[in-house]
Amino acid sequence: MSIQAVRGTKDIFGDEMLKWHRAEEVFREVALAFNYREFRTPIFEQTELFKRGVGQDTDIVGKEMYTFEDRGGDSLTLRPEMTAPIVRACVEHSLLHHNPIQRLWYAGPQFRYDRPQKGRYRQFHQFGAECIGSPHPEADAEIILLAHEALERYGVRSFSLEINSLGTADVRSTYRAALIAYLEEHKDQLSEDSQKRMHANPLRVLDSKDERDKSVIQNAPLLRDYLDAPSRDHLHAVLALLDNAGVVYTVNPYLVRGLDYYNHVVFEFTTDALGTQNAIGGGGRYDPLFSMLGGGEQPAVGFSIGIERMILLHDADHAETSAEQQPRGVYISAIGDEARLPVQSIALQLRRSGVHVVTDLLRRSVKAQMKDANRENVAFTIMIGEAELAAKTAVIKDMKTGEQVTVEQTNIGSVVLAHE
Ligand code: AMP
């Protein structure tokens, strides 16, 4: 039996690859426009990093990590997210000593042992950015605007932005106690999952999609009513900056995000177009994370967007316009054995001058080469046979109009480039 890709992983190839390239181009462009620099960390890290950084009580650490012991006996984990690795690297390289603001972006694979379905994979990819060093609302707004700009520029349409504030640790601990007391009162009406979670991670109950929980949640106390003045001011300052930028959002008092390290502003980009996988991306302020990872006090805010979901949403948004590729480059067809060698030198010269060139590697007949040129979707076919070899010329056929002209071999590049 042949071997197949691991469940929850996907090969990316063919036309799908073009969508990825375009997405990556957009990230690079937008990140550059905001003066963010790319950062690449290893695919695996010490398991301890995620236990401390993401939190023991989260689903990610509790049941989704790909953790293994290497041959030296160290416990390693394939990264399930990028914020903890980036913070680890910032501390390790003392980056904030060199510049008190670090603006960093990344794109790469993440790994979570989740139940695979459309839009949910075990190896998936995220694009994201972190703004480290500023406690001010301008940093939160910059991060949200960068994410928003990337989604818009990539061309996704059906998404909305939801925002909430988790306040400070003190605010959350007062609220937590009030929430647990309320959930205790309604324990019998809650789902089993929420009953288990309500003491360790009561805020996560607010995220539950279970119908039984929803009716209890409706009347639960809201964190919003417990926020202190500085937390409220911070949230309102961020919202004012978004208003100023013309970004539309809704404040969702139930939005908590799953990870332990967030405080103050959290946000999520959501959609109704992808069924149950309604989150395209999200993030928030994570001031506590640096000290959790031994890096002292350091304010920071960031986001990540799921690339697969962004592409799926783009496809859903643009179902009517097929992603047809424009014809591109040239096919050089050798007519007869004599022409094979010179065709290869012409191909190399053209490639060096920036032309995209295909030659036949199967020694096919002229007719079969013409068919191949069509399949390769080239803009021109160049034919070189005995007569052309003798005269140092080539016949160039415009594949769209069918028009043919004979040119000097030395002029092929300029004729082709003039049309590109
Ligand atoms: P999170 O770190 O869980 O907030 O995830 C950020 C984004 O990554 C989500 O909004 C999704 O777009 C994407 N994402 C998270 N988990 C998966 C997964 N298992 N498969 C595909 N995309 C995912």
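No experiment lies behind these values; they were computed from the predicted model shown.

Can you walk me through the sheet that holds strand β6 (residues 123-132) in this structure?
Paired through backbone hydrogen bonds, the strands of a sheet run either parallel or antiparallel to each other. Read from one edge of the open sheet, 8 strands run β1-β5-β6-β11-β10-β9-β7-β8, paired in mixed fashion. This sheet does not close on itself; its edge strands, each paired only once, are β1 (37-38) and β8 (250-251). For strand β7 (residues 160-165) and strand β9 (residues 263-270), the ladder comprises 6 bridges, and the chain directions are antiparallel. Bridge assignment links Glu162 to a residue of β9, and that residue is Glu268. Along the sheet, helix α4 (residues 83-92) contacts β5 (102-111) and β6; its crossing angle with β6, the most-contacted strand, is approximately 45 degrees. Across the face of the sheet, helix α11 (residues 229-244) comes into contact with β7, β8, β9 and β10 (279-285) while running at roughly 160 degrees to β7.

I would appreciate a short explanation of the sheet that holds strand β2 (residues 44-46) in the present structure.
As summarised here, the arrangement of the 3 strands in space is β2-β4-β3, forming an open sheet in which the pairing is antiparallel. The sheet terminates laterally at β2 and β3 (66-69), the two strands that pair on one side only. Strand-to-strand twist across the sheet, computed as the mean angle between neighbouring axes with direction ignored, equals 35 degrees. Helix-sheet contacts for helix α2 (residues 47-54) involve β2, β3 and β4 (75-78), and the interaxial angle to β2 is about 75 degrees.

Whenever I open this one, the site of the ligand confuses me. Can you help?
Around the ligand lies a shell of 13 residues, among which Arg112, Tyr121, Gln126, Arg257 and Ile280 are the nearest. Residue Arg257 places a side-chain N or O atom 2.8 Å away from an oxygen atom belonging to the ligand. Gly281 places a main-chain nitrogen or oxygen 3.1 Å from an oxygen atom of the ligand. Secondary-structure elements contributing two or more residues to the shell around the ligand are β6, β10 and β11 (300-306). It is β10 that contributes the most residues to the shell around the ligand, 3 residues altogether. Residues belonging to the shell around the ligand are distributed by class as follows: 4 nonpolar, 5 polar and 4 charged.

Got a minute to help me understand the side chain of Thr83 in this structure?
Looking at where Thr83 falls in the secondary structure, it is placed in helix α4. Residues in contact with Thr83, not counting those within four places in the same chain, are Glu130, Tyr261, Tyr286 and Leu289.

Which parts of the structure should I look at to understand the pairing of β11?
The buried fraction of β11 amounts to 7 of the 7 residues, a majority that puts the element mostly inside the structure. Where burial is concerned, the two faces of β11 agree: the one with Ala300, Gly302, Ser304 and Gly306 and the one with Val301, Phe303 and Ile305 are both buried. Across 7 bridges, the pairing between β6 and β11 is antiparallel. Bridging from a neighbouring strand, Gln126 pairs with Gly306 of β11. In terms of strand pairing, β10 meets β11 through 5 bridges, oriented antiparallel. Across the sheet, Gly284 pairs through a bridge with Gly302, a residue of β11.

Rules used throughout
Residues numbered from 1 in each chain as written. Predicted model: local features only at pLDDT ≥ 70, side-chain atom pairs only at ≥ 80, totals over all residues. Heavy atoms only, no water. Pairing = 2+ DSSP bridges. Helix = DSSP H or I, 4+ residues; strand = E, 2+ residues; numbered from the N terminus. Contact = heavy atoms within 4.5 Å. Axes fitted to C-alpha atoms, helices over the stretch in contact; angles between N-to-C directions. Near = heavy atom within 4 Å. Polar contact = N/O pair within 3.5 Å; in protein donor to acceptor, adjacent residues only side chain to side chain. Nonpolar A, V, L, I, M, F, W, Y, C, P; charged D, E, K, R; others polar. Buried < 20%, exposed > 50% of the residue type's maximum accessible area, 1.4 Å probe, protein only.

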